[in-house]
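Summary of structural features
Single-letter residue listing:
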Amino acid sequence: MPARPPSPEPACPAGPDLAGLAAGLGLDEAEVFANFGDPFWRLTCGGIYKIRSEDGEPIEFHPTPQQLVVLEEIYIHGSRTLVVPKARQVRMSTVIALIVLDTILFGSSVQCSLCDIDIPNADRKLDEKVFFAYERLPEALKGAWTPIKKSLSPGIFTIQHGDDTTSKSTFYAGQKARGGTNQILWMSEWAELAAKHPAMSAEYLRGAWPAAAEGIRIIESTWYGGKSGDVWGIAKKGLDPHTGLPLARDKCTPRTPRVLFFPWYVIAARRLPCADPSLIRPEVQAYFAKALEGTEDTLDDDQMYWYQEEALDIYHHEAQFIYPTNIHECWNANIEGSIWGAALGMAKAAGRVGEVAYRPDLEVDTFWDLGAPENSPCLYVQHDHEQRRFIDLDAEIEGGEVADRVRLLKEKGYRYGTHYLPHDAGQRQKNGKTYFAEFEAELKAQGVSGRVVQLKQTGNKWLGINHFTGLLKKSVWIDDKKCAFLLESIAAYRRKPDPTKENKFMDDIVSDWSAHCSDCARYVSEAFMEGHLPHTSNGIMANLYFDPTRLQAATASLPEHPPTLIALDRAGTTWAHVAARHDAGGWLRVWETPLQGPSYIIAVINGAMAVWRAAGWDRQASAERPARLVAACVDEAGINQDKLLSWASMASTYYGMVPVVADVVSLPGAVERLREQGVGVAARQQSLAERRVGQATAIRKPGHEFGAEERAQAYAVLQELWRDGAVEMWCPTVLRQMGGITATEQGGFEVLSGYAQHWLDVAALGVWTLGLAAPAMQAGRLAQEHSGGGYRGDENTGLPFERQRRKLF
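Let me begin by describing the structure that accompanies this report. (Residues numbered from 1 in each chain as written. Predicted model: local features only at pLDDT ≥ 70, side-chain atom pairs only at ≥ 80, totals over all residues. Heavy atoms only, no water.)

What follows is about the state of the cysteines. Taken as a whole and judged by the stated rule, the model has 0 disulfides. Counting only cysteine sulfurs, cysteine 517 is the nearest neighbor of cysteine 483, a cysteine outside any disulfide, at a range of 9.0 Å. (Disulfide = S-S within 2.5 Å.)

Where helix 12 (residues 282–291) contacts helix 13 (residues 301–315), the two axes come as close as 10 Å, and the packing angle between them is 110 degrees. One element, helix 12, and the other, helix 13, form an angle in the roughly perpendicular class. Note on element contacts: helix 13 touches helix 12 through Met304, Tyr307, Gln308 and Leu312, opposite Val284, Tyr287 and Phe288. Each residue belonging to the contact of helix 12 with helix 13 can be placed in one class, and the counts come to 6 nonpolar, 1 polar and no charged. (Axes fitted to C-alpha atoms, helices over the stretch in contact; angles between N-to-C directions. Helix = DSSP H or I, 4+ residues; strand = E, 2+ residues; numbered from the N terminus. Parallel < 35°, antiparallel > 145°, perpendicular 65-115°, else oblique. Contact = heavy atoms within 4.5 Å. Nonpolar A, V, L, I, M, F, W, Y, C, P; charged D, E, K, R; others polar.)

Right, let's get into the sheet that holds strand 9 (residues 216–221). The strand order across the open sheet built from 8 strands is 5-6-7-4-8-9-3-10, with neighbouring strands paired in mixed fashion. The sheet is open, and its two edges are formed by strand 5 (145–151) and strand 10 (258–259), each paired on a single side. Both strand 6 (residues 155–161) and strand 7 (residues 168–174) contribute to a ladder of 6 bridges, which runs antiparallel. Residue pairing for strand 7: phenylalanine 157 is matched across the bridge by phenylalanine 171. Across the face of the sheet, helix 5 (residues 92–106) comes into contact with strand 3 (81–85), strand 4 (111–115), strand 5, strand 6, strand 7, strand 8 (184–188) and strand 9 while running at roughly 160 degrees to strand 8. (Pairing = 2+ DSSP bridges.)

Residues of helix 12 that are buried: Val284, Tyr287, Phe288 and Ala291. Along the axis of helix 12, the buried residues cluster in a sector spanning 95 degrees; they form a single face. Across from the buried face of helix 12, at angles greater than 90 degrees, the exposed residues are Pro282 and Ala289. Where helix 12 is buried, its residues contact helix 13, helix 14 (319–322) and helix 15 (327–330). (Buried < 20%, exposed > 50% of the residue type's maximum accessible area, 1.4 Å probe, protein only. Arc of directions from axis to C-beta.)

A surface patch of negative charge is lined by Asp17, Asp28, Glu29 and Glu31. By the element assignment, glutamate 29 lies in helix 2 (residues 29–35). The exposure class of glutamate 29 is partly exposed, given its relative accessible area of 42%. (Patch = residues over 30% accessible without salt bridge, like charges linked within 9 Å, V, L, I, M, F, W, Y side chains within 5 Å. Areas by Shrake-Rupley, 256 points an atom, 1.4 Å probe, with all protein chains shown as cover. Salt bridge = Lys/Arg side-chain N within 4 Å of Asp/Glu carboxyl O. Lys, Arg positive; Asp, Glu negative; His and termini not counted. Charge placed at Lys NZ, Arg CZ, Asp CG, Glu CD.)

So, on to the packing of aromatic side chains. Under the defined criterion, the tally for this structure stands at 32 aromatic pairs. Between tryptophan 190 and tryptophan 209, the ring centres sit 5.5 Å apart and the planes meet at 50 degrees, which makes this aromatic pair tilted. Separated by 19 residues along the polypeptide, tryptophan 190 in helix 8 (residues 190–196) and tryptophan 209 in helix 10 (residues 208–211) bring together distant segments of the chain. Pairing tyrosine 600 with tyrosine 655 gives two aromatic rings, centres 5.0 Å apart and planes at 55 degrees, and the pair type is tilted. With tyrosine 600 in strand 23 (residues 600–605) and tyrosine 655 in the loop between helix 23 (641–654) and strand 28 (660–662), this residue pair connects regions lying 55 residues apart in the sequence. In this structure tyrosine 600 comes out as buried when scored by relative accessible area, which is 2%. An aromatic cluster is built from Trp264, Tyr265, Tyr287, Phe288, Trp306, Tyr307, Tyr315 and Tyr323, whose rings are joined through pairwise contacts. For the cation-ring pair, arginine 42 lies above phenylalanine 106, with the distance from its terminal atom to the ring centre recorded as 3.8 Å. (Phe/Tyr/Trp six-rings, centres within 6.5 Å; stacked < 30°, edge-to-face > 60°. Lys NZ or Arg CZ within 6 Å of the ring centre and 35° of its normal.)

Here it is, written out as structure tokens:
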């Protein structure tokens with residue numbers, strides 16, 4: 001054992017009955033006299049201090065191995081600054097409280113302070129740990145001190161040494177450190193406070209922390225804030241910059257922060273009987289194999305099963321920083337105001353952060369953020385179906401000239417697809433050229449593959465931010481070695497705190513080191529939104545106007561609902577079920593062939609036609625049947641108005657003389673053309689507000705004017721019914737377009753740049769018309785014009801449409 005440094009406390013005060021203490025402890029009197037002046041001995045002998053057990057009963061303090069490490073650091077190795085990022089309930093506060101008590105008892109006119117997350121927590125530590133231990137000191141010692149002040153809120157404990165009125169020591173416990181010089185400064189849960197109250201934390205950093213530099217400073221905290229904030233600035237001085245592990249002792253001075261990490265499994269009680277090892281899921285076993293890599297620690301089945309049931313299944317991705325297995329997981333803690341922290345935690349928990357190797361069979365896209373050389377990262381991404389593989393990152397590029405950047409691309413040896421530059425690449429530089437033009441020319445000069453795309457400037461960056469949130473939750477894979485700085489940036493990308501409201505944040509982004517790489521990630525989503533990258537799934541956006549959860553479920557179910565491609569003749573009879581796509585008069589993608597009883601309606605706008613079945617009561621199943629999109633024309637290049645209206649006419653015949661709702665705004669002349677083909681055209685009844693003064697009866701208007709106001713109303717109806725499961729759609733084109741509509745703060749919708757919406761519009765028009773037509777359907781009075789035919793319906797369909805009931809009939 002190394003030689004101990006001089007004790008931070010003076011010799012023990014006069015008065016204690018050491019012979020009586022020896023007798024009470026059952027120790028040799030000479031041993032007690034020889035060691036009593038040593039604080040390490042006093043705190044480890046097991047007879048002087050008592051603590052509260054988990055049952056609330058006093059028990060002798062015998063340090064756990066983890067508590068012993070803290071005592072040795074201070075009293076054996078002479079460390080003066082400790083940083084203890086810990087798992088919950090490791091009982092660090094107990095040993096620190098006893099260190100404080102021992103210091104004020106055996107010191108001469110010393111001051112110690114506790115700064116806690118709030119006043120109640122500080123009071124509890126003073127009352128249940130310091131007061132508790134003092135009041136239960138051995139009888140042989142009690143006469144050596146006189147408590148002259150003992151209070152809570154504010155927490156103050158002052159004792160006088162013997163009869164010397166000039167020798168007093170005080171312990172202050174609260175949310176702020178008292179002025180003066182602290183021999184011990186105890187910062188409890190500072191990481192949490194720094195994350196939630198940065199202004200108060202800054203006061204600590206400028207005031208109490210440097211004022212206690214000559215004493216002992218201890219930070220013990222469940223970790224918050226990741227690699228950001230005031231406490232991280234202190235902790236990282238005690239970490240190896242390459243491995244992230246605590247510095248070796250020979251690289252530390254007494255003032256170097258000693259980082260002491262204690263994982264969750266040091267608590268012996270954290271185990272759950274596991275009779276069958278197969279109860280431990282494979283992904284949990286794989287997690288521990290990686291988390292404990294490089295250590296000598298091993299966990300048995302009972303410990304892993306406890307973690308699975310009591311940590312992972314309760315806290316999910318947050319389990320890693322609430323119950324960290326290795327020190328690196330401490331820094332995974334969410335940063336207050338973090339935008340992508342939770343989504344990144346989900347990616348890590350799902351095993352999508354790790355080794356992501358370059359695949360030669362896939363092209364590589366690059367995403368750039370332009371600025372100074374140190375702020376011009378380049379992100380390398382491969383796309384494999386639903387996987388967005390972030391394989392590499394250049395966080396900083398030496399030189400920074402266009403030729404240097406392209407040279408680095410060439411040195412990578414990747415096969416490039418597209419290089420995405422931000423919108424400011426189109427700005428003219430001092431040399432009269434745009435960065436876009438220079439970059440494109442340099443690629444050609446150096447023989448580097450890939451086309452160049454300049455992304456558009458978006459008026460609302462939150463669309464891209466929210467879109468990337470969804471990508472990160474489900475389809476982004478990140479290489480944890482080559483993209484390590486990107487992971488740190490994503491975790492630290494955050495909103496600015498609201499200076500007027502505590503624990504509230506504004507929509508402004510903190511523009512610091514984390515923003516540059518994070519912008520590269522955001523540009524991946526902007527490339528999606530502009531239509532450069534194909535969507536392979538829906539429901540990935542956090543602010544979708546249409547319910548993303550149901551969109552995702554519907555998309556996942558599509559293979560179970562394949563459409564039938566059929567050709568129709570003018571009479572509306574099926575020619576054949578075909579696979580080839582030669583136009584033989586009219587094509588329909590059909591999810592439901594005509595049924596007896598249900599009512600149908602057809603909606604048609606420029607570019608799309610859809611057949612809808614109204615909701616109703618299914619007598620056989622004794623259940624309500626939701627409205628359904630049952631057929632739609634195939635969306636192929638070259639669609640023209642004549643062909644579209646012909647298909648609507650054939651579908652009308654096929655589904656039983658179904659009325660057609662035609663949008664006369666996008667299809668002028670459609671009503672006349674449909675009449676020529678003998679199709680019933682639905683008409684909208686003129687509303688009371690539309691009638692002229694003195695007009696007694698409503699006029700029927702053939703067709704429909706599907707303008708901006710009507711579209712907004714139709715979208716609102718479709719949104720409500722979709723969320724309630726009152727409509728069914730198995731058309732991937734409609735679902736994909738639904739995934740391109742985002743909600744606005746005012747409750748409306750916004751269409752993402754690059755998204756078509758005609759299929760969604762025809763769906764909304766069909767649903768809305770079904771609701772408007774329901775009363776007429778019920779009475780068999782649907783306003784239509786048809787020679788020799790009428791609307792086919794019965795009493796089982798067409799109850800009045802009531803939006804407040806969220807039903808569609």
